[in-house]
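Overview (structure and organization)
Given next are the chains, with one letter for each unit.
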Amino acid sequence: MFYRENGQFKTSYRADQQIFPIAQDRWLILALIAFAFLAVPMLASDYLMRAILIPFLIMSLAALGVNILVGYCGQITLGSGAFMAVGAYMAYNFFVRIPGMPLIPALLLGGLCATVFGVLFGLPSLRVKGLYLAVATLAAQFFADWMFLRVKWFVNDSPSGSVSVNNLQVFGLPIESAVSKYLFCLAVLVVLALLAKNLVRSAIGREWMAIRDMDVAAAVIGIRPMYAKLTAFAVSSFIIGVAGGLWAFVYLGAWEPAAFGVDVSFRLLFMVIIGGLGSIMGAFFGAGFIVVLPIVLNQVLPEIAGLFGMTMSTAAVSHVELMVFGGLIVWFLIVEPHGLARLWSIGKQKLRLWPFPH
Amino acid sequence: MSTPTPVLNVNGIEVIYNHVILVLKGVSLTVQEGQIAAILGGNGAGKTTTLRAISNLLKGERGEVTKGSIELRGERIENLSPADLVQRGVVQVMEGRHCFAHLTIEENLMTGSYTRKDKAEVARNLEKVYTYFPRLKTRRTSQAAYTSGGEQQMCAIGRAIMANPNVVLLDEPSMGLAPQIVEEVFEIVKDLNQKEKVTFLLAEQNTNMALRYADYGYIMESGRIVMDGAAADLRNNEDVKEFYLGMGGGERKSFKDVKSYKRRKRWLA
Amino acid sequence: MAFFLEALFGGLMAGMLYSLVALGFVLIFKASGVFNFAQGAMVLFAALAMARFAEWVPQWIGIDNRVLANVIAFVLAGALMWVVAWLIERLVLRHLVNQEGVTLLMATLGITYFLDGLGQTLFGSNIYAINVGMPKDPVFLFESTFQGGVLVNLEDVYAACIAALLVATLSLFFQKTSTGRALRAVADDHQAAQSIGIPLNRIWVIVWFVAGITALVAGIIWGSKLGVQFSLTTLALRALPVVILGGLTSVPGAIIGGLIIGVGEKLSEVYIGPFVGGGIEIWFAYVLALVFLLFRPQGLFGEKIIDRV
Amino acid sequence: MSDSKKIGEVILDVKNISLRFGGVKALTDISFNVREHEVRAIIGPNGAGKSSMLNCINGVYQPQEGSISFRGQTFKHMNSRQVAEMGIARTFQNLALFKGMSVIDNIMTGRNLRIKSGLLSQAFRNPFGLGGAQKEEEQHREFVEHIIDFLEIQAYRKTPVGTLPYGLQKRVDLGRALAMEPRMLLLDEPMAGMNLEEKQDMSRFILDVNDEFGTTIVLIEHDMGVVMDISDRVVVLDYGKKIGDGTPQEVRSNEEVISAYLGTSH
Amino acid sequence: QAQAKEQFFPLLSYRTGPYAPNGTPWANGKQDYIKLINARDGGINGVKLTFEECETGYATDRGVECYERLKSRPGVALFDPQATGITFALTEKVPTDKIPLITLGYGLSVAQDGNAFKWNFPLMGSYWTGADILIQHIGQKEGGLDKLKGKKIALVYHDSPFGKEPIPLLQERQRMHGFDLQLIPVTAPGVEQKAAWLQVRQSRPDYVLLWGWGVMNSTALKEAQATGYPREKMYGVWWAGAEPDVKDVGQGAKGYNALALNTSGTQPKVIQEILKHVHDKGQGTGPKDEVGSVLYTRGVIIQMLSVEAVRRAQERFGKGKVMTGEQVRWGLENLALDQKKLDALGFAGVMRPLSTSCNDHMGSTWARVHTWDGAKWNFSSDFMQADEQIIKPMVKAGADKYLADKKMSRREASDCGS
Ligand SMILES: Nc1ncnc2c1ncn2[C@@H]1O[C@H](COP(=O)(O)OP(=O)(O)OP(=O)(O)O)[C@@H](O)[C@H]1O
Ligand SMILES: Nc1ncnc2c1ncn2[C@@H]1O[C@H](COP(=O)(O)OP(=O)(O)OP(=O)(O)O)[C@@H](O)[C@H]1O
Ligand SMILES: [Mg+2]
Ligand SMILES: [Mg+2]
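Residues numbered from 1 in each chain as written. Chains lettered and ligands numbered in written order. Predicted model: local features only at pLDDT ≥ 70, side-chain atom pairs only at ≥ 80, totals over all residues. Heavy atoms only, no water.

Some points on the overall build of chain E
Convention followed: Labels follow the DSSP assignment, with helices taken as runs of H or I lasting at least four residues and strands as runs of E lasting at least two, numbered in each case from the N terminus. This radius of gyration counts C-alpha atoms alone. The globule rule is 2.2 Å times how many residues there are, raised to the power 0.38. Under the scheme applied here, a residue whose accessible area is under 20% of the maximum for its type counts as buried, over 50% as exposed, and between as partly exposed, the area being computed with a 1.4 Å probe on protein chains only. Residues are treated as being in contact if the distance between any of their heavy atoms lies within 4.5 Å. Reported accessibility uses the Shrake-Rupley method at a 1.4 Å probe radius. Residues are deemed covered only where the shown protein chains occlude them. We score Asp and Glu as negative and Lys and Arg as positive, and we do not count His or the chain ends. Charged groups are reduced to one reference atom each: NZ for lysine, CZ for arginine, CG for aspartic acid, CD for glutamic acid.
Each helix and strand in chain E was counted, giving 14 helices and 14 strands. Here the C-alpha atoms of chain E give a radius of gyration of 21 Å, agreeing with the 22 Å that 2.2 N^0.38 yields for 418 residues. Each of the three principal axes of chain E carries a C-alpha extent, and together these read 70 × 50 × 40 Å. The 418 residues of chain E split such that 68% are buried. Looking at chain E alone, contacts between residues at least 24 apart form 70% of all its contacts between residues at least 6 apart. Carbon and sulfur atoms provide 50% of the accessible area of chain E, an area that totals close to 12,800 Å². Measuring between centres, the 52 positive side-chain charges of chain E sit 2 Å from its 46 negative side-chain charges.

As structure tokens, this is what we get:
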């Protein structure tokens, strides 16, 4: 009843080509962003920001990058952990080796290094497809794991191979407190998400999707598979690289290669699938599901057990957490195989028809 | 056929895809034993959906029957699995061929006889398919994906015959087939219908052909049956003649002479 | 020379052991087009069941014969894997007919989490031993030809034979029986398979059960080598390059791929590793697989990837 | 009717093409030509090699022998991109749409060759029209809207094509090809799965395109009625060999063609 | 109010996942000791001890989440992250939050330098001291460190910062004694080590040092058996010398040696007390038969040191009060557990005395070697001390580099008393 596009006539293609053509959506998103920037810092506790919102934001960003490659261009990758690692370690090197290097350029340069790495390991995609490619990208993952453990230069000769940063500043403002860290991540995320959205709704995005859906037909209408795939690798690894930098600099502070191990790659892939392939929104849903849900379960399960008068040991909580989490994944997939983002849009469609069922 | 017994009885079904898209809005039809019934209608009318609803293949498309009932010889079948239906002799030839891409043509045909346990019978059926479609015999060892569109269509039809069905749901059998093969396919339908008493329900765009071979016809438009009747009657109906047979005013119109001024004007604008 | 032979032989044996895990992937992929991420979890789950049943059975029924206890445990674990297969079909796959590969992959991820949790809840998360009487100490061959002889592990040899046997059986099953053909049909097109009466439900239970049994065998062999504990799941990562090198759809490919990867990674680690600081075998295995893929994108024996308009 | 339009010079010349897949001879020594502005049909029984012929022309298959000239340039084989750049567009027998994309986006991909703005300018696309990407997008969108109107699929603009019924998907496929503003359009059974009324519409579209833009059409079709009515010349293939070439009337009376393809009833 | 009388111990642990077999007894020991103090003594000078476990699964990001979740609880005393990766991440966070971090026998070796790492406490030993003691022990076996010349020693290590920590020290020792050091990394988690042991078989080192954790240890022993490498020549770090590492290898691990920071078994008084006051009352955390195992006892020690730090802090800042993180830090920095004190606490024979200071956050650099006889661990050497002469300069240099990289400076001398 309230959610309608009735009466919202588009008089120009520009109007119809807006990111959110429906006015309610536009307002909702703007309100959400405003809420995130203004209200959350006031309302959220330190814990909520440091332990949940910051990792959520950073992982959303990484998932966004992965989604460009996997969801939009159809190149399944399990090497995203490696791209994050490259982003993080190279940003670290720029940051500590060049005196006076500001944080943001360091992160961006880290992202650019990840781009180079991504394009390099994206080359096999010109020949290898699907699951074969997915497994082949693990080569990138394990190679990066090894490289950052073995090559001393990358870790600035730290004997154990773990590195750390401190004294983060942006335009002279220290990024120390939870609020400043949160706002910094949020700002980076919003900017990059906007750029990514622009790309996927423009010609290049259509090229990616065309390659994903049917590469032979795409070639016939003049899309160069090489260009499309490599740009997707480049853009995606740039975003993932920046996310890696944030994860290392802002969230962890100190890290070792295991922080970007193969399970990070897997989790990122899961985020985009469960969130919804080929949807910017999906990256957020997915990150929420994979990053936040286990933590919530971990805290809620003992209380639920408490309601039934049981006490659960930590081990039992963790095991039940795994089971519930696995069960929820399956359940959501059964409800909507195309991910949470699709569930969301179906929900909106229903809302549009409401109160009529069809 | 003294007292016709209904084999299939579709009763006011509604189908919804994806929980939101309502496609069939109360479709009812009845197919008698030994009959050839045809569903006609334009693109998107819901023919395929109707057939899927009967053979229970909707689930994979995330569709569901929300209202109405479907009966096979008096038995409610909405909750049977497609495999159960094949066991009961109901086989669908899907629109768009759906051959098993990695299997050879012959393996494709053999999978069709999955439910038949009698080896001799299977061999007989295979021979039968090869005599119907000699083209398949020459291509028997190539993977289905690497055969031409028409060959795949023959393969799909042949595969259904391999299951020795007694009710066949044929979705656009003539699509992509050369004219003389179309003719043959309909001859095969007639043949099976008369010799082996197989009942057919076909969705077809080639109205001319369909009405020539069918006993009874349903015309569907946007999810509803808008007209039904004996094939002969439909053939003589003026509207059907004009819209589906292209014989408005008695003479067949050349495709070249069809004018669509509305469209042309739009195009020029 | 003797050392080269040892390394070569060690690689071959390690490769055979990988193939055992790889086989599970291939089975399910070939038969239903699902990339079963849960294979690692199934290996762990099956091995845990086996180890714990072998421990519990003597307590329950008071027998004191290790062989008998192991046999009973094997049967019980096998039965449990059947239940798992049945539940997976009932609760998961049945509802995801005709969905895309990634969706199903994701569903198997859910299954992974579930099995990991369930396995540890039921059977505990310590290290457990499986003792099926595998010989642990090495034997030395050709002692007359080479000084010090060539070291061989009988345990590996037994394991390799079992793997070979399993593969041979499964290859025959796929190529020669009508069920095998039906399974391949299902992998190609769920809906079309349904439309000609292949009962997906039954087929899936069969496949997952067979995969469960392969997991059980793999779990027993690896478990007897390493002890049964959570890290067994990471074997899946070791088996992946094997699967893609051999081809996702080829049962014999799993063996050949295993041999190539096994030899490749061991020789590389032993001969190249020391010059670059070592620890290269895992990425080397993947790079090796990747190199093969560049020449044959479907793996050595995989079915050709069809793209045609 | 055909008298009113000017059929020009030979635009496409196919010479002695042979194509084999292992033991299967899909095409054997095929030669024919297409003149500018004409509607050229290719007919033949199933598996005759018609689709393979189109695939050779637009570079999806590489024939073992023979050459193809387009507007004077001769190629042994071309790659798809070159073909597209030269202005040859096509539709597919087994729908090859981009399933996950909306109708609009599918058709917009046909414009991609003409898009000039680069990656960065697209990333920084904005409603204020800075950088040019937005403006360009709007221009192409306008063109595409014309095609959508023309094909009468306005109502489905934003539907993902995967869920459209078969016939509409065919139209979108055509729309995508039209969006390329091709000089030559290769159509592989565009009317399969359509009823008479829809075939009439489709014939109308094809003739309109041919008339208005002078686009040369190469058409594969099994409906003899359509072929006879709208094509200027017809090639007939059988088992990879050419068995006939000429005006519809000539072909219709060719004995070999009748026995191999048309059957007696026509 | 009631809350004010509780000292809270956040317990980061992992009871699931690849390292669960090792993480579980460790966590059990910590919990049981807390329960003992509450049950037997009613807390520390009347301050009740509370705790909450948080499962990290050995993963850094989960560990950080746990830390953030628990750090602001009232009365939080200190953190023991139980994992090297988490330690790194928390090292950057604790100074701002002013909560001490204890890493008994693990973590950063350079953090021994309390002047540079104000909040880190690698109590009782670091990987450098461990490696040093092992070399000394091997030297003893050979009849003197000078006899090591030309000998071949291989380090089979977990390919992670944890496994790489001892390398600088071993290289230093190599320079001094002229032995041959071969580095053989094992990719985590270490289920597949054939290549590593082929290399061992090829170079036939005189000794193998095993720097593993979790499944890597038992697998290494099994591979050693399979390649016929004598287990008597193998020496593990103290994280490779507990029951889960050898139990399922059984006889195959016979003769294998590892460092020990503590005893095992149920004889010590404190273990008896735990059995009496906790397990016999049905309050025990894990299975009773694992009480007193190597890692369990280590957990008990860690918790004891934490409790004693709080007690020490109370002595200065007020008995019967709940200590803040900063006060506990002072307690940790001023621990003085001599033999008498240890005896009184029931730790006679369990561990060496320990005393910390502002400069030295380790407190003890002693360890001994124990050997698996196929069924249990037996001591095979006396306590030995790492060579301060070697380690001190390395720690200083490492800490200086750390400070320089981060543009920080050492604590002022005046800061020491605070
Ligand atoms: N899987 C699906 N999801 C959503 N909508 C669908 C799906 N399949 C079909 N539809 C919708 O259902 C309607 C009827 O489609 P159906 O395929 O039954 O038509 P049809 O009569 O077979 O048409 P055609 O002659 O083109 O094959 C169409 O509007 C189509 O968009
Ligand atoms: N990629 C390929 N690999 C192997 N064989 C092929 C391939 N493409 C086509 N063929 C074979 O070449 C022959 C010609 O196929 P083509 O698709 O050109 O036929 P067609 O004339 O279009 O037939 P239809 O009218 O049925 O579409 C067929 O026998 C087909 O099986
Ligand atoms: Mg249809
Ligand atoms: Mg064709």
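Some remarks on the interface of chain E and chain A
Just so we agree on the cut-off: The rule for a salt bridge is simple: a side-chain nitrogen of Lys or Arg has to be within 4 Å of a carboxyl oxygen of Asp or Glu. In the analysis that follows, any N or O atom pair within 3.5 Å is treated as a polar contact, provided that within protein one partner can donate a hydrogen and the other can accept it, and provided that, for residues neighboring in sequence, both atoms belong to side chains. Residue classes follow a fixed rule: Ala, Val, Leu, Ile, Met, Phe, Trp, Tyr, Cys and Pro count as nonpolar, while Asp, Glu, Lys and Arg count as charged, and any other residue, Gly among them, counts as polar.
Residue-level contacts link 33 residues of chain E with 35 residues of chain A. Taken together, chain E and chain A are joined by 4 salt bridges. Residue Glu 321 of chain A pairs with Arg 62 of chain E through a salt bridge whose shortest N-O separation is 3.2 Å. At the junction of chain E and chain A, the tally comes to 18 residue pairs in polar contact (both at pLDDT 80 or more). By residue class, the composition of the side of chain E that touches chain A is 10 nonpolar, 6 polar and 17 charged.

Re the sheet that holds strand β8 (residues 199-203) of chain B
Residues and elements named next belong to chain B. Going by this rule: Between any two strands, at least two bridges found by DSSP are needed for them to pair. Lines fitted to C-alpha atoms define the axes here, with helix axes fitted over just the stretch in contact, and angles between the N-to-C directions of these axes take values from 0 to 180 degrees.
Pairing is mixed across the open sheet formed by 6 strands, whose spatial order is β6-β7-β8-β3-β9-β10. Among the strands making up the open sheet, the edge pair consists of β6 (90-93) and β10 (224-230). On average, each strand axis in the sheet is inclined to that of its neighbour by 15 degrees, with strand direction left out of account. As paired strands, β6 and strand β7 (residues 167-171) are joined by 4 bridges and run parallel to one another.

Observations regarding the arrangement of the chains
In this assembly chain B lies apart from chain E, the nearest approach of their C-alpha atoms being 36 Å. No interface is formed between chain D and chain E, the nearest pair of C-alpha atoms being 32 Å apart.

Focus: the packing of helix α1 (residues 2-32) of chain C against helix α10 (residues 251-276) of chain C
Residue and element names in this part refer to chain C. Worth spelling out the cut-off: Here roughly perpendicular refers to angles of 65 to 115 degrees, roughly parallel to angles under 35, roughly antiparallel to angles over 145, and oblique to all remaining angles. In this scheme the crossing of two helices becomes right-handed for a clockwise turn of the near helix relative to the far one and left-handed for an anticlockwise turn of less than a right angle.
Where α1 contacts α10, the axes come no closer than 6 Å and their chain directions differ by 140 degrees. Here α1 lies oblique to α10, going by the angle between them. In terms of crossing hand, the pair formed by α1 and α10 is right-handed. Looking at the contact of α1 with α10 residue by residue, the class counts come to 20 nonpolar, 5 polar and 3 charged.

A short note on the state of the cysteines
Selection criterion: When two cysteine sulfur atoms are found within 2.5 Å, that pair is recorded as a disulfide.
Scanning the entire structure with this criterion turns up 1 disulfide over all chains. Shown here is the disulfide that connects Cys 54 of chain E with Cys 66 of chain E, its sulfur atoms set 2.0 Å apart. Taking the sign of the S-S torsion, -70 degrees for the link of Cys 54 of chain E and Cys 66 of chain E, the bridge is left-handed. Pair noted here: Cys 54 of chain E is in strand β2 (residues 48-55) and Cys 66 of chain E is in helix α2 (residues 60-70), with a separation of 12 residues, a long-range link. For Cys 54 of chain E, a relative accessible area of 1% puts it in the buried group. In this structure Cys 155 of chain B is a free cysteine whose sulfur lies 3.8 Å from that of Cys 99 of chain B, the closest cysteine sulfur available.

A closer look at a nonpolar patch on the surface
For the record, the criterion: Patches were defined on residues exceeding 30% relative accessible area and lacking a salt bridge, with like-charge contacts within 9 Å and nonpolar side-chain contacts (Val, Leu, Ile, Met, Phe, Trp, Tyr) within 5 Å.
A cluster of nonpolar side chains, namely Val 296, Val 300, Ile 304, Leu 307, Phe 308 and Met 310 of chain A, defines an oily patch on the protein surface of about 600 Å² accessible area. Summarising the element assignment, Val 300 of chain A is placed in helix α12 (residues 280-307).

Considering the pattern of salt bridges
If you walk through the whole model with that rule in mind, you get 77 salt bridges over all chains. In this structure, Glu 61 of chain B and Arg 52 of chain B form a salt bridge, with 3.9 Å as the shortest nitrogen-oxygen distance. The residue Arg 410 of chain E makes a salt bridge to Asp 400 of chain E at a minimum N-O spacing of 3.1 Å. Of this pair, Arg 410 of chain E sits in the segment after α14 (388-405) while Asp 400 of chain E sits in helix α14, and the two are 10 residues apart along the sequence. Classification of Arg 410 of chain E by relative accessible area gives partly exposed; the value is 25%. Residue Asp 400 of chain E is classed as partly exposed on the basis of its relative accessible area, which comes to 30%.

Description of the pairing of β8 of chain B
A regular strand places its side chains on the two faces of the sheet in alternate fashion. Residue and element names in this part refer to chain B. Short version of the rule: We call a crossover right-handed when, viewed with both strands directed away from the observer, the connection leading from the first strand over the helix to the second proceeds clockwise.
Burial analysis of β8 places 5 of its 5 residues in the buried class, which makes it a mostly covered element. Of the two faces of β8, both are covered, the one formed by Thr 199, Leu 201 and Ala 203 as well as the one formed by Phe 200 and Leu 202. For β7 and β8, the ladder comprises 5 bridges, and the chain directions are parallel. Residue pairing across strands places Leu 170 opposite Leu 202, the latter belonging to β8. Handedness of the crossover joining β7 and β8 through helix α7 (residues 179-195) is recorded here as right-handed.

Topic: the interface of chain A and chain C
Where we set the bar: In short, buried area is how much 1.4 Å probe accessible area vanishes from two parts on joining, totalled over both.
In this assembly, 36 residues from chain A lie in contact with 53 residues from chain C. The junction of chain A with chain C conceals about 4,000 Å² of combined surface from both sides, 81% of it contributed by carbon and sulfur atoms. Here chain A and chain C share 0 salt bridges between them. For the pair chain A and chain C, the interface holds 10 residue pairs in polar contact (both at pLDDT 80 or more). Those elements giving two or more residues to the side of chain A that touches chain C turn out to be α6 (130-150), α9 (215-220), α11 (262-275) and α13 (314-335) of chain A. Among the residues making up the side of chain A that touches chain C, the classes are represented as 29 nonpolar, 4 polar and 3 charged.

Section: the side chain of Asn 67 of chain A
By secondary structure assignment, the location of Asn 67 of chain A is in helix α3 (residues 46-72). Non-local contacts of Asn 67 of chain A, meaning those with residues more than four positions away in its chain, are made with Tyr 72, Val 272, Gly 276, Leu 277, Gly 278, Ser 279 and Ala 283 of chain A.

Details of a negative patch on the surface
A cluster of acidic residues, Glu 221, Asp 239 and Glu 242 of chain B together with Glu 197 of chain D, forms a negative patch on the protein surface. Mapped onto the secondary structure, Glu 242 of chain B falls in helix α10 (residues 238-243). Residue Glu 242 of chain B is classed as partly exposed on the basis of its relative accessible area of 44%.

Overview of the site of ligand 1
To keep things clear, this is the line we draw: Being near a molecule or strand, for a residue, comes down to having at least one heavy atom within 4 Å of it.
Residues in close proximity to ligand 1 total 21 residues, the closest being Lys 47, Thr 48, Thr 49, Glu 95 and Gln 205 of chain B. One chain alone does not account for the residues near ligand 1; they come from chains B and D. When the free accessible area of ligand 1 is taken as 640 Å², the share hidden by the protein chains comes to 90%. Counting residues per element, the ones that place at least two in the shell around ligand 1 are β2 (21-32) and α1 (47-55) of chain B together with α6 (166-179) of chain D. The dominant element in the shell around ligand 1, judged by the number of residues it contributes, is α1 of chain B, at 4 residues. Taken together, the residues of the shell around ligand 1 break down into 7 nonpolar, 9 polar and 5 charged.

A look at the coordination of the magnesium ion (ligand 3)
Residue and element names in this part refer to chain B. Our working definition: For Na, K and Ca the donor cut-off is 3.2 Å; for every other metal, N, O and S atoms count as donors within 2.8 Å. Water does not enter the count, which can leave sites looking incomplete.
Within the protein, Thr 48 (OG1) and Glu 95 (OE) serve as the donor atoms for the magnesium ion (ligand 3), at 1.8 to 2.3 Å. Highlighted residues: Thr 48 in helix α1 and Glu 95 in the loop between β6 and α3 (105-112), separated in sequence by 47 residues. On the accessibility criterion, Glu 95 (18% relative accessible area) is buried.

Section: the pairing of strand β3 (residues 36-41) of chain B
All names here are of chain B. Most of β3 is tucked away, with 6 of its 6 residues classed as buried. Residues Ile 36, Ala 38 and Leu 40 of β3 are buried on one face, and the alternating residues Ala 37, Ile 39 and Gly 41, pointing to the opposite face, are buried as well. Taken together, the 4 bridges between β3 and β8 define a ladder with parallel strand orientation. Paired with Ile 39 across the strands is Ala 203, a residue of β8. Looking at chain direction, β3 and strand β9 (residues 216-221) are connected through 5 bridges and run parallel. By the bridge assignment, Ala 38 is partnered in β9 with Gly 217.

Concerning the site of ligand 2
Taken together, 22 residues are adjacent to ligand 2, and Arg 139 and Gly 150 of chain B together with Lys 50, Ser 51 and Ser 52 of chain D come closest. The residues that come close to ligand 2 belong to more than one chain, namely chains B, C and D. In this structure, an oxygen atom belonging to ligand 2 sits 2.6 Å away from a side-chain N or O atom of Ser 52 of chain D. In the environment of ligand 2, an oxygen atom lies 3.5 Å from a nitrogen or oxygen atom belonging to the side chain of Glu 189 of chain D.

Points about the UniProt feature "transmembrane region" (unreviewed entry) in chain C
All names here are of chain C. Spelled out, the test is: UniProt positions are given in the numbering used here, feature names are shortened, and annotations may be inferred rather than shown by experiment.
According to UniProt, the "transmembrane region" (unreviewed entry) feature falls on residues 7-29, 35-55, 67-88, 157-174, 203-222, 242-263 and 275-295. Along residues 203-222, the helical share is 100% and the strand share 0%, with 28 Å between the first and last C-alpha atoms. Split by type, residues 242-263 is 82% helix and 0% strand. Its first and last C-alpha atoms lie 11 Å apart.

A closer look at the coordination of the magnesium ion (ligand 4)
Each protein donor to the magnesium ion (ligand 4) is listed here as Ser 51 of chain D (OG) and Gln 93 of chain D (OE1); together their distances run 1.9 to 2.1 Å. Of the two residues, Ser 51 of chain D sits in helix α1 (residues 50-57) while Gln 93 of chain D sits in the loop between β6 (88-90) and α3 (103-109), which places them 42 residues apart along the sequence.

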